[in-house]
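One-letter residues, chain by chain:
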Protein chains: 2
Amino acid sequence: MTMLDLDREATAVTHIGEEDLPALARGCAVLGTGGGGSVDTGLLLAGRAVRECGEVPLVQLADLEDDAVVVPLSGIGAPTVSHEMVASSDDVLRLRDEVERVMDRPVAAVMSSEIGGSNGVAPVAWAARLGVPLVDADGMGRAFPEVQMVSMYVAGLPVNAVVLSDVVGNVSTLRPIDGLWSERLARALCVASGAHALMADYILLASEARGAVIEGSVSRALGIGRCTVGATDPLASLIAELGARNLISGKIVDIDRRTGGGFVRGSVVLEGVGDDRGRLLRLEIQNENLLALEDGKVLASVPDLITVVDTQTGGAISTESLRYGQRVTVLAWPCDPLWRTPRGLDVAGPKAFGYDIDYVPVEEISGAHA
Amino acid sequence: MTMLDLDREATAVTHIGEEDLPALARGCAVLGTGGGGSVDTGLLLAGRAVRECGEVPLVQLADLEDDAVVVPLSGIGAPTVSHEMVASSDDVLRLRDEVERVMDRPVAAVMSSEIGGSNGVAPVAWAARLGVPLVDADGMGRAFPEVQMVSMYVAGLPVNAVVLSDVVGNVSTLRPIDGLWSERLARALCVASGAHALMADYILLASEARGAVIEGSVSRALGIGRCTVGATDPLASLIAELGARNLISGKIVDIDRRTGGGFVRGSVVLEGVGDDRGRLLRLEIQNENLLALEDGKVLASVPDLITVVDTQTGGAISTESLRYGQRVTVLAWPCDPLWRTPRGLDVAGPKAFGYDIDYVPVEEISGAHA
């Protein structure tokens, strides 16, 4: 039961098949801004699910009836654990059953909570297992490290129920008073279950999702992943596709990276090469790339997107994969306008990460290549 | 809506009023076998609730219709926190709302999960706030430290839902695969909420409760609490009421008590006085008094009840209140037969607490006063 509006279904519905997954993964890696977990895990899950259960319809919010239940899904926990834990295909079925009990109606579609990293790819697997479409939208337009950093929270939707399903078979429903308690309680349960769980957060009706989620995210990830295929200059193609600024092309000359408080934190220094010879750029990191600095001046900051890519191939490099001597290019481009509202900046602006700086949109900062 | 069977209601229903609470608290302290939390907190909560909301009907399971929803309630967390945390009267209302959502029918009655200690007294407050009767039964017939150590688990009832409500306003529903996961997940949430929460575990219908709970617990606690009032020899009255053995009367000469792994553990040594001069008795403790040993010989062990009382007044002394030099008497008496089944001993026998000894019923052990 997909609850598609049949009148609108006359317009062609795109499907995501196995051949689309590598491009989706490449795009999600770029949108992960260094975090969001390695896309390899999501790619394995999605490939197997699509082979076993068939292609997944990719639908727009407008294709869904107003009262269709949309379930935003993500993995929560430590990527180091989810990498090594044998994936279950039952956890999503148990989660669906609990969501339907809580909402008292069938699940109509799955949505990515965050399109960046592995959590952008794995929803294809979850939708395939449930036999429902994937909505072409997500809650971040990128990756962020904490549960409350989603567009539905910024839009002021009430927190209703957070449902977690672990590989052991436990299913839990939280009704937290706000997004910060969502994070605190969900994290505690996830740790008790072995540091990994599947989570549905901000379960909503299609009518509530309009304006409160970031639409077109899956198509955008596919477009980003496809733009470099067969390109003579992959980096130039990627920059054009993203509408990005090239902050620097250089090599990594210093990495200070440590794991603490459940996050990877640190900084990376790049020395320019070619046209950028003589310049030094520093990236500040908390799972994701948060700030790009040159001579103490901010060139780009969260919530705008900052991604490190391989200068030759244009492939994104996640923070844990950065190595001394790599030849890389740092790209930055505007976030979704929702993150630039006062409430959006409260939730995920520089100050939300402890940096005492005012946010300036990346396209208004001079000094980088246009 | 109490769902009382009106035909049976013709028989007089007992009510618990403010004047009954001190006796209930004394009885619950004795049944707490040293643990279960100080009854003072429960007494304050219950007194205020009864003054504000009226007396609480005390009903038997047989008085309830088969499909009446009975909610076993307890506080979970560190007694050191619940002592100092300002009590809320809303948490039980929020919990009731969630239980009714989960069960899809109204709550008919409240039951103590454990009759020992504060958790035996506070349910009077919760029943008063909800305007429902208190069932004359509990899930332990005493106090035990862990969530799965309840009669409903021993009886093999399926774990359905565990509902937690904290003072912040968060409400959570767990559907764990078994009782051990109930403990693990509920404990994690409770810690995340500040180490104290109100918990409904093994929510059941009256028809399911019969044979799976320990009936008459509240009446028994009231009887124990009343037997010493005005008695010329309170200790003798208490021993007669309990059908207990007097293991030793003496004074405390050594206390080794430490807090670790979320529990109070340790041992206490008593030196006999009067008829018991020359004897030494050692108690092993994990929140509750678990073992009484003399010259390496077990005189009584969990799940039988072992309580330390003031030799003069017969008042129970909890493990955290034991002091060097106190004149005390150690009493032991048989647990509910349910705990002596193979599954009962698996769940709460000596081996469940890490003691490599076989359980022998206290009345079959020679060497103590009959």
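Residues numbered from 1 in each chain as written. Chains lettered and ligands numbered in written order. Predicted model: local features only at pLDDT ≥ 70, side-chain atom pairs only at ≥ 80, totals over all residues. Heavy atoms only, no water.

## Let's talk about the overall build of chain A
Alright, step 1. Of regular secondary structure, chain A possesses twelve helices and 17 strands.
Alright, step 2. Expressed as lengths along the three principal axes of its C-alpha atoms, the size of chain A is roughly 60 × 40 × 40 Å.
Alright, step 3. Across the 370 residues of chain A, 57% fall into the buried class.
Alright, step 4. Within chain A, counting contacts between residues at least 6 apart in sequence, those at least 24 apart form 73% of the total.
Alright, step 5. For chain A, the exposed area adds up to about 14200 Å²; of that, 51% sits on carbon and sulfur atoms.
Alright, step 6. For chain A, the distance from the average position of its 30 positive side-chain charges to the average position of its 50 negative side-chain charges is 5 Å. (Helix = DSSP H or I, 4+ residues; strand = E, 2+ residues; numbered from the N terminus. Buried < 20%, exposed > 50% of the residue type's maximum accessible area, 1.4 Å probe, protein only. Contact = heavy atoms within 4.5 Å. Areas by Shrake-Rupley, 256 points an atom, 1.4 Å probe, with all protein chains shown as cover. Lys, Arg positive; Asp, Glu negative; His and termini not counted. Charge placed at Lys NZ, Arg CZ, Asp CG, Glu CD.)

## Focus on the interface of chain B and chain A
Alright, step 1. On the chain A side, the residues contacting the 19 residues of chain B number 19 residues.
Alright, step 2. In terms of surface lost to chain A, no three residues of chain B exceed B:Asn170, B:Arg175 and B:Ala192, which account for 31% of the buried area on that side.
Alright, step 3. Applying the counting criterion to the chain B and chain A interface returns two salt bridges.
Alright, step 4. Counting the contacts that link chain B with chain A gives nine residue pairs in polar contact (both at pLDDT 80 or more).
Alright, step 5. Secondary structure elements with two or more residues in the side of chain B that touches chain A: α5 (91–103), β7 (171–175) and α8 (179–192) of chain B.
Alright, step 6. Split by residue class, the side of chain B that touches chain A holds ten nonpolar, five polar and four charged.
Alright, step 7. Examined bridge by bridge, strand β7 (residues 171–175) of chain A and β7(B) share five bridges and lie antiparallel to one another. Within β7(B), the position partnered with A:Val171 by the bridge is B:Arg175. (Buried area = accessible area lost by both parts, 1.4 Å probe. Salt bridge = Lys/Arg side-chain N within 4 Å of Asp/Glu carboxyl O. Polar contact = N/O pair within 3.5 Å; in protein donor to acceptor, adjacent residues only side chain to side chain. Nonpolar A, V, L, I, M, F, W, Y, C, P; charged D, E, K, R; others polar. Pairing = 2+ DSSP bridges.)

## So, a nonpolar patch on the surface
Alright, step 1. Taken together, A:Ile177, B:Val167 and B:Val168 make up a surface patch of nonpolar side chains, about 190 Å² in accessible area.
Alright, step 2. Here A:Ile177 is to be found in the loop between β7 and α8 (179–192). (Patch = residues over 30% accessible without salt bridge, like charges linked within 9 Å, V, L, I, M, F, W, Y side chains within 5 Å.)

## Focus on the pairing of strand β4 (residues 107–112) of chain A
Side chains on a regular strand alternate between the two faces of the sheet.
Residue and element names in this part refer to chain A.
Alright, step 1. When you tally the buried positions in β4, you get six out of six residues, the bulk of the element.
Alright, step 2. Inspection of the sheet shows strand β3 (residues 69–77) paired to β4 by five bridges, in the parallel sense. Across the sheet, residue Val69 finds its bridge partner in β4, namely Val107.
Alright, step 3. Two strands pair when backbone bridges link them, and β4 and strand β5 (residues 134–138) are joined in this way by two bridges, in the parallel orientation. By the bridge assignment for β5, Val110 is matched with Leu134.
Alright, step 4. Chirality of the crossover, the property in question, places the unit of β4, helix α6 (residues 118–130) and β5 among those that are right-handed. (Right-handed = clockwise from strand over helix to strand, strands pointing away.)

## Digging into the packing of helix α2 (residues 21–31) of chain A against α6(A)
Residues and elements named next belong to chain A.
Alright, step 1. Two numbers describe how α2 lies on α6: the axes approach to 8 Å, and their chain directions differ by 145°. Facing Leu21, Leu24, Ala25 and Cys28 of α2, the residues of α6 in contact are Gly120, Val121 and Val124.
Alright, step 2. Broken down by class, the residue content of the contact of α2 with α6 amounts to six nonpolar, one polar and no charged. (Axes fitted to C-alpha atoms, helices over the stretch in contact; angles between N-to-C directions.)

## Brief notes about the environment of B:Val50
Residues and elements named next belong to chain B.
Alright, step 1. Position of Val50 among the secondary structure elements: in helix α3 (residues 39–53).
Alright, step 2. A relative accessible area of 7% places Val50 in the buried class.
Alright, step 3. It is 12 Å that separates the C-alpha atoms of Val50 and Val121, two residues lying 71 residues apart in sequence.
Alright, step 4. Beyond its immediate chain neighbours, meaning those up to four positions away, Val50 contacts Ile16, Gly17, Glu18, Glu55, Val124 and Ala128.

## Regarding the side chain of B:Ser113
Alright, step 1. Among the secondary structure elements, B:Ser113 is positioned in the loop between β4 (107–112) and α6 (118–130).
Alright, step 2. When neighbours within four sequence positions are excluded, B:Ser113 is seen to be in contact with B:Pro72, B:Leu73, B:Ser74, B:Asp138, B:Gly139, B:Met140 and B:Val150.

## Here's the deal with the packing of aromatic side chains
Residue and element names in this part refer to chain A.
Alright, step 1. Counted under the stated rule, the structure contains two aromatic pairs over all chains.
Alright, step 2. With a centroid separation of 4.9 Å and an interplanar angle of 75°, the aromatic rings of Phe144 and Trp339 are classed as edge-to-face. Highlighted residues: Phe144 in the loop between β5 and α7 (151–154) and Trp339 in the loop between β17 (327–333) and α12 (342–348), separated in sequence by 195 residues. Residues Phe144 and Trp339 agree in their burial class; the two are buried.
Alright, step 3. Positioned above the aromatic ring of Tyr153 is the side chain of Arg343, whose terminal nitrogen or guanidinium carbon lies 4.7 Å from the ring centre. (Phe/Tyr/Trp six-rings, centres within 6.5 Å; stacked < 30°, edge-to-face > 60°. Lys NZ or Arg CZ within 6 Å of the ring centre and 35° of its normal.)

## Description of the domain arrangement of chain A
Residue and element names in this part refer to chain A.
Alright, step 1. According to the domain assignment, chain A contains domain 1 (6–220) and domain 2 (231–364).
Alright, step 2. Measuring from the centre of the C-alpha atoms in domain 1 to the corresponding centre in domain 2 gives 26 Å.
Alright, step 3. At the boundary of domain 1 with domain 2, total buried surface from both sides reaches about 2100 Å², with 63% on carbon and sulfur atoms.
Alright, step 4. On the surface where domain 1 and domain 2 come into contact, there are zero salt bridges.
Alright, step 5. In this assembly, domain 1 and domain 2 are joined by nine residue pairs in polar contact (both at pLDDT 80 or more).
Alright, step 6. Of all elements in the fold, only α2 and α7 reach the threshold of two or more residues within the side of domain 1 that touches domain 2.
Alright, step 7. Taken together, the residues of the side of domain 1 that touches domain 2 break down into twelve nonpolar, eleven polar and three charged. (Domains from an automatic or database assignment.)

## A word on the pairing of strand β6 (residues 162–165) of chain A
Residue and element names in this part refer to chain A.
Alright, step 1. Every second residue of β6 is oriented toward a common face, with Val162 and Leu164 on one face and Val163 and Ser165 on the other, all of them buried.
Alright, step 2. With four bridges connecting them, β6 and β7 associate as antiparallel partners. In the strand pairing of β7, Ser165 is matched with Val171.
Alright, step 3. Following β6, the chain reverses through five residues before pairing antiparallel with β7; Gly169 in that reversal takes a positive phi of roughly 120°.
Alright, step 4. Of the pairings in the sheet, the one linking β6 to strand β8 (residues 196–200) comprises three bridges and is antiparallel in character. Bridged to Ser165 within β8 is Leu198.

## Quick word on helix α11 (residues 234–242) of chain A
Residues and elements named next belong to chain A.
Alright, step 1. Within the span of α11, buried status applies to Pro234, Leu235, Leu238 and Leu242. Down the axis of α11, the sector holding all buried residues measures 100°, keeping them to one side.
Alright, step 2. The first or second residue beyond α11 is Gly243, which carries a positive phi of 65°. (Arc of directions from axis to C-beta.)

## Quick notes on unusual backbone geometry
Alright, step 1. A cis amide bond, omega 10°, links A:Val302 with the succeeding residue A:Pro303.
Alright, step 2. Residue position: A:Pro303 is located in the loop between β15 (297–301) and β16 (305–310).
Alright, step 3. Even without being glycine, A:Asp104 reaches a positive phi, approximately 60°.
Alright, step 4. With respect to the helices and strands, A:Asp104 occurs in the loop between α5 (91–103) and β4.
Alright, step 5. On the basis of relative accessible area, A:Asp104 is assigned to the exposed category, the value being 69%.
Alright, step 6. In this structure, B:Asp295 is a non-glycine residue whose phi angle is positive, near 50°.
Alright, step 7. Considering the arrangement of structural elements, one finds B:Asp295 in the loop between β14 (288–294) and β15 (297–301).
Alright, step 8. The class for B:Asp295 is exposed, based on a relative accessible area of 78%.

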